[in-house]
Amino acid sequence: MTAPQNPGQDPAFTDALGQSFAPAGQDARIASLVPSLTETLFDLGLGPQIVARTGFCVHPADAVRDVPKVGGTKDVNLARLRRLAPTHVLVNVDENTRDTVQALREFVPQVLVTHPQDPHDNLALFDLLGGVFGAAPGVRARARAQGDALRAVLQTCQTQSWTPRRVLYLIWREPWMTVARDTYISRTLSSVGWQTLPQTTGGDGLQAPGALRYPAFSWDAPWIRDVDLVLLSTEPYRFGPSHAGEVRRLLDARGSHAEVRLIDGEWCAWYGSRAVRSLPRLAALARTLG
C-alpha cells in the first residue's frame, strides 16, 4: 500500500502510511471495512455518518443493522460501495487487500489506512479518528476519553506481576495457523505475560506477505513441547469444544501436558475502543490461570 501525496492537507492527522488528512466536516460519509473500526466509530458517536460496513462488522449489533453491507473485508462489493458515495473509507493493512485499497482510491476522496500492531497503537488511532472526524459534536471528547481509559488499563497491566506462559494461539485449522510475535494479537497477549510460540516475526505487513505474520505450522515441530497453554480463538476460524478435544489428542500424542482453552478472539484481535474493554478481561483470565 503506497501512500499518495496529499499536498496542502493538515499534517497533524496522519494514518499508518503517513498520509495526511484535513479535518472532515459533519457531512462526511464514512465507510468502514474493518469490524474493530466500525465499533469504534459508533463508540465515538459517529454512527449517523456511517454509510457502509462489511458483513463482519457486527458490533454494536442494534446499530449496525441499519448500515448497508458491502461484502466482506477481503471481497468488497466495490460497485455497491461506489453507489453509497463515501467521502472517507477506513481500511486496515491486515484486514483488507492491497488491490481493494487501490480500487477504492479511484472513486473515494479519502482512504485512511490503519495498522495497530500493539495495544499502545490504539492511542494514535483515537487521535486520528478524533482529529479527522472531530467536527461532529462530542467526538473529540469521546476520543480523548477512550485514550485516557486505555492509558489507565495499560498502566495497570504494566505494574502487575504476571505468571509467564508460553502460548500457542490458534487462528485456523487445516492448515493449522498461528501468529507471529510482531502481530497485534501476540503483543496483546504479551501485555499479560504470555509469549507466543513459535519465536518468529512476520514483518510489519506493509511489505511482508500475510503468510509470514500468520504462519502455518506442524504439530511435530520441536517447539510444540515448550508450549504450556494452547488458546483456540473463536475467530477467524470458529473453534469450539470439539476442536479443543482434537487439540488435546494431538498434544497427548506428543507427550505434551499443555492446557487447552477456548478464547474469545475479539479480546485479542479487536483494537480501537474494544481494547479498552477487552484488556481487563484478558488480564482477569491470566490471573485466574496463574
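Before any of the text, the structure's been laid out above.
Below or above, wherever it landed, is the structure these notes cover. (Residues numbered from 1 in each chain as written. Predicted model: local features only at pLDDT ≥ 70, side-chain atom pairs only at ≥ 80, totals over all residues. Heavy atoms only, no water.)

This part covers the pairing of strand β7 (residues 229-233). Burial of β7 is extensive: five of the five residues sit out of reach of the surface. Going residue by residue along β7, you find L229, L231 and S233 tucked away on one face and V230 and L232 tucked away on the opposite face as well. Two elements, strand β5 (residues 165-170) and β7, share four bridges in a ladder whose sense is parallel. Bridge pairing in β7 places Y169 opposite L231. With five bridges joining them, β7 and strand β8 (residues 259-263) adopt parallel strand pairing. The residue bridging L232 from the neighbouring strand is L262, located in β8. (Buried < 20%, exposed > 50% of the residue type's maximum accessible area, 1.4 Å probe, protein only. Helix = DSSP H or I, 4+ residues; strand = E, 2+ residues; numbered from the N terminus. Pairing = 2+ DSSP bridges.)

Across the sheet, four strands lie side by side as β2-β1-β3-β4; this open sheet has parallel pairing. Both edges of this open sheet fall to β2 (50-52) and β4 (110-114), since each of them pairs with a single strand only. On average, each strand axis in the sheet is inclined to that of its neighbour by 30°, with strand direction left out of account. Across the sheet, helix α1 (residues 35-43) touches β1 (30-32), β2, β3 (88-92) and β4, and the angle it forms with β1 is around 140°. (Axes fitted to C-alpha atoms, helices over the stretch in contact; angles between N-to-C directions. Contact = heavy atoms within 4.5 Å.)

Burial analysis of β4 places five of its five residues in the buried class, the great majority of the element. Side chains Q110, L112 and T114 of β4 all project onto a buried face; the interleaved residues V111 and V113 project onto the opposite face, where all are buried too. Direction of pairing for β3 relative to β4: parallel, over a ladder of five bridges. In the sheet register, V91 faces β4, and the bridge partner there is V113. What joins β3 to β4 is helix α4 (residues 98-104), and the crossover it makes is right-handed. (Right-handed = clockwise from strand over helix to strand, strands pointing away.)

Scanning the entire structure with this criterion turns up 15 salt bridges. Here R274 makes a salt bridge to E39, at a shortest N to O gap of 2.7 Å. Of this pair, R274 sits in helix α11 (residues 273-289) while E39 sits in helix α1; the two residues are 235 residues apart in sequence, bridging distant segments of the chain. Between R261 and E259 there is a salt bridge, and its shortest N-O distance comes to 3.8 Å. Residues joined by salt bridges that share partners form a network here, namely E39, D43, E266, R274 and R277. (Salt bridge = Lys/Arg side-chain N within 4 Å of Asp/Glu carboxyl O.)

Turning our eyes to something else, we now look at the nonpolar core. L46, L90, L112, V132, F133 and L150 are the most contacted members of the largest nonpolar core, which totals 34 residues. When contributions to this core are tallied by element, the ones reaching two or more residues are α1, α5 (121-132), α6 (139-159) and α11. Looking at this core, the element that brings in the most residues is α5, giving six residues. With residues near it in sequence (within four places) discarded, L90 still touches I30, A31, S32, L33, V34, L37, L41, L112, L129 and F133. Membership of the second largest hydrophobic core comes to 20 residues, among which are I171, C268, A286 and L289. (Core = buried A, V, L, I, M, F, W, Y, C linked by side-chain atoms within 4.5 Å.)

On to the packing of α6 against α11, then. Between α6 and α11, whose axes approach to 9 Å, the crossing angle comes to 25°. Viewed along their axes, α6 and α11 adopt a mutual orientation that is roughly parallel. Crossing handedness for the pair α6 and α11: left-handed. Between α6 and α11, the contacting residues are Q146, A149, L150, V153 and L154 on the first element and S273, A275, V276, L279 and P280 on the second. Of the residues assigned to the contact of α6 with α11, the class counts are eight nonpolar, two polar and no charged. (Parallel < 35°, antiparallel > 145°, perpendicular 65-115°, else oblique. Left-handed = near helix turned anticlockwise from the far one by under 90°. Nonpolar A, V, L, I, M, F, W, Y, C, P; charged D, E, K, R; others polar.)

The interhelical angle for the contact between α1 and α11, taken along N-to-C directions, is 100°, at an axis separation of 7 Å. Put simply, α1 runs roughly perpendicular to α11. Residue-level contacts link E39, T40 and D43 of α1 to S273, R274 and R277 of α11. Looking at side-chain class alone, the contact of α1 with α11 contains no nonpolar, two polar and four charged residues.

Take the packing of aromatic side chains next. Under the defined criterion, the tally for this structure stands at seven aromatic pairs. For the ring pair W172 and Y237, a centre distance of 5.2 Å and an interplane angle of 80° mean the geometry is edge-to-face. Residue W172 is found in the loop between β5 and α7 (184-190), and its partner Y237 is found in the loop between β7 and α9 (241-252); the two are separated by 65 residues along the sequence. Its relative accessible area of 33% is what places W172 among the partly exposed residues. The exposure class assigned to Y237 is buried, which follows from its relative accessible area of 18%. Grouped by ring-pair contacts, the aromatic residues W172, W176, F217, W219, W223, Y237 and F239 constitute a single cluster. (Phe/Tyr/Trp six-rings, centres within 6.5 Å; stacked < 30°, edge-to-face > 60°.)

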